[in-house]
Amino acid sequence: MDRAKPMPAEESITAGADFLQLDVGQAPPGGRADWLAARLRAAIADGRVPVGARLPASRVLAAELGVSRGVVTEAYQRLTEDGHVVGRGRAGTVVVATPAAVVTPAPRPPAPAEVFTGPPGTDIFDALRTAAAELDLTPGVPDLAAFPRAAWLRAERAVLHRLAPAAFGYGDATGEPVLRLAVATWLARNRGIQVDPAEVVIVAGVSQALGLLAQVLHADGVHTVAVEDPGSLGVRQHLRNWRLDTPPVPVDGHGLRVDRLAATGAPAVMLTPAHQFPTGVVLDGDRRRRLLRWAQRGGLVIEDDYDAEHRYDRPPVPALRGMLPGRVCYTGSVSKLLAPALRIGWVLVPPRLHDALVAAKRMADLGNAALPQLVLAELMDSGALERHLRLLRRRHVRRRDAMIRAIRDHLPGAVVHGAAAGLHLMVTLDGGVDDVALAAAALRRGVKVQPLSWHGQRPQPPGLVLGYAANSPGDIERAITTIAAALRDLP
């Protein structure tokens, strides 16, 4: 019986290492040390093996690759000669420098003319956010420097200390029960909404709530949602992204013109009744009653309560949801209270839409990340969130007052709207001003603002929407001075 001639070990298999997924079979014959040195050099250059990292021991890597130790030692020696690694005895071979590499230029921030050229597209807010500027008066940006890091860390430690292993698995698609209870309690105490925690659905901010509602409404035969005019451009873009028509309804000093809403024939309307964006108007009592009568006749209200907690010179305004829960979808979040980066919000819908909304949420993402939900619930339950809100109110009043003074001193022809609450002011200007050109001119001088015309579907008086929450009084003064100079230089 013939015996098969055994193949040399290195020819019979292809050896490899988990480290950098090295496969010695890719090395050219007689060039294994060169190949290994090149692979290590590339990994150091692109950051897979950062400065300070320790390379595997030569004998360990040689065994994993199925090569002689001399191959690895020679490769390490070449990196040492290049100055990329050093041998440190028992500490092993350590990376100390990266090879010179071709630097890929970072994407160029958009120029002011690029941001404000033509009608705003769906990427307009990304373009404005990435545009370079020394001072940012973008509306809707909270005081991110005030994020309660110490309180969040304490709450996170408390949560992790008592968290059972099962809590790290897949959770309830509607949100962690403890947060849904905390939100229900928060809404009852602060917004006049009595709701069972089982009705609360936790979402990734108001934007996701709108997407889920749009899907549910489409399935229910609703393809049109009327919106306030002026009203949030971002909200309008979200609704249109989900193939919903958005006919405009005028807003005046009393809020949404409900008589004009009926004329649109829309079966649903989205509005910001507690602090209308961008005007800051509160939907008054007569308009509320008219709107609720419209809803009782079959209309559906989508209530965006985006910054209702931030009020200064007026009493609280109860949410519409508390008055007619069977006809109002309610959305809110902590984006303006803590930080948009948390991506935590909530949505309440009438009972007939609840199951469909939950199904849409489940198919969207199987639920939000659990740990931030649990930490937020701890902040709510401990009273830390309310303490944070009180601190913010005092700070916001000082910054709002600084902006009003600066506008009075440097923009004497401007009219300020919506000062009693929120994180922004709306300023209207003389009729001959091109507010888009003014915003572009301000950006060229290092100040970000949004033109009021972005937020209107019909012709509006020219103006600006100016956020004050994220800037010190001194920076606000400088920003308004810069805007005034830009206005003077407009043709």
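Residues numbered from 1 in each chain as written. Predicted model: local features only at pLDDT ≥ 70, side-chain atom pairs only at ≥ 80, totals over all residues. Heavy atoms only, no water.

J.: What exactly am I supposed to notice about the environment of R314 here?
T.: Looking at the element boundaries, R314 is found in the loop between β11 (300-304) and β12 (328-333). R314 gets classed as buried once you look at its relative accessible area, which sits at 16%. Ignoring any residue separated from it by four or fewer positions in sequence, one finds R314 in contact with A274, H275, V282, A420 and A421. (Helix = DSSP H or I, 4+ residues; strand = E, 2+ residues; numbered from the N terminus. Buried < 20%, exposed > 50% of the residue type's maximum accessible area, 1.4 Å probe, protein only. Contact = heavy atoms within 4.5 Å.)

J.: Where do I start with the nonpolar core in this structure?
T.: As a rule of thumb, soluble globular proteins bury nonpolar side chains together. L137, M403, I407, V449, L466, I480 and I483 are the most contacted members of the largest nonpolar core, which has 39 residues in total. If you list the elements that add at least two residues to this core, you get α6 (124-130), α15 (384-410), β15 (424-428), α16 (435-444), β18 (463-467) and α17 (473-488). Not counting chain neighbours up to four residues away, the residues in contact with L466 comprise L137, M403, I407, L423, H424, L425, V427, V449, I480 and I483. Core analysis: the second largest hydrophobic core is formed by 36 residues, L187, L348, A377 and M380 among them. (Core = buried A, V, L, I, M, F, W, Y, C linked by side-chain atoms within 4.5 Å.)

J.: Just checking my understanding: could you explain the packing of aromatic side chains for this structure?
T.: To describe a pair of aromatic rings, you give the distance between the ring centres and the angle between the ring planes. What the rule picks out here adds up to 4 aromatic pairs. Note on F125 and W454: the rings are 6.2 Å apart at their centroids and 90° apart in plane angle, and the pair reads as edge-to-face. Of this pair, F125 sits in helix α6 while W454 is found in the loop between β17 (450-451) and β18, placing the two residues 329 residues apart along the sequence. Classification of F125 as partly exposed rests on a relative accessible area of 23%. (Phe/Tyr/Trp six-rings, centres within 6.5 Å; stacked < 30°, edge-to-face > 60°.)

J.: Is there a simple way to think about unusual backbone geometry in this case?
T.: Comment: phi is negative for the bulk of residues other than glycine, and the bulk of peptide bonds are trans. Put simply, D229 and P230 share a cis peptide bond, and its omega is 0°. The topology assignment puts P230 in the loop between β7 (225-229) and α10 (233-241). In this structure, P278 follows F277 across a cis peptide bond, with omega equal to 5°. Within the secondary structure, P278 is located in the loop between β10 (268-271) and α12 (285-296). We note that R243 has phi near 65°; this positive angle belongs to a residue other than glycine. Counting through the fold element by element, R243 comes out in the loop between α10 and β8 (248-252). We note that L366 has phi near 60°; this positive angle belongs to a residue other than glycine. Inspection of the secondary structure assignment puts L366 in the loop between α13 (351-365) and α14 (370-382).

By themselves, these are just geometric observations and shouldn't be taken as functional.
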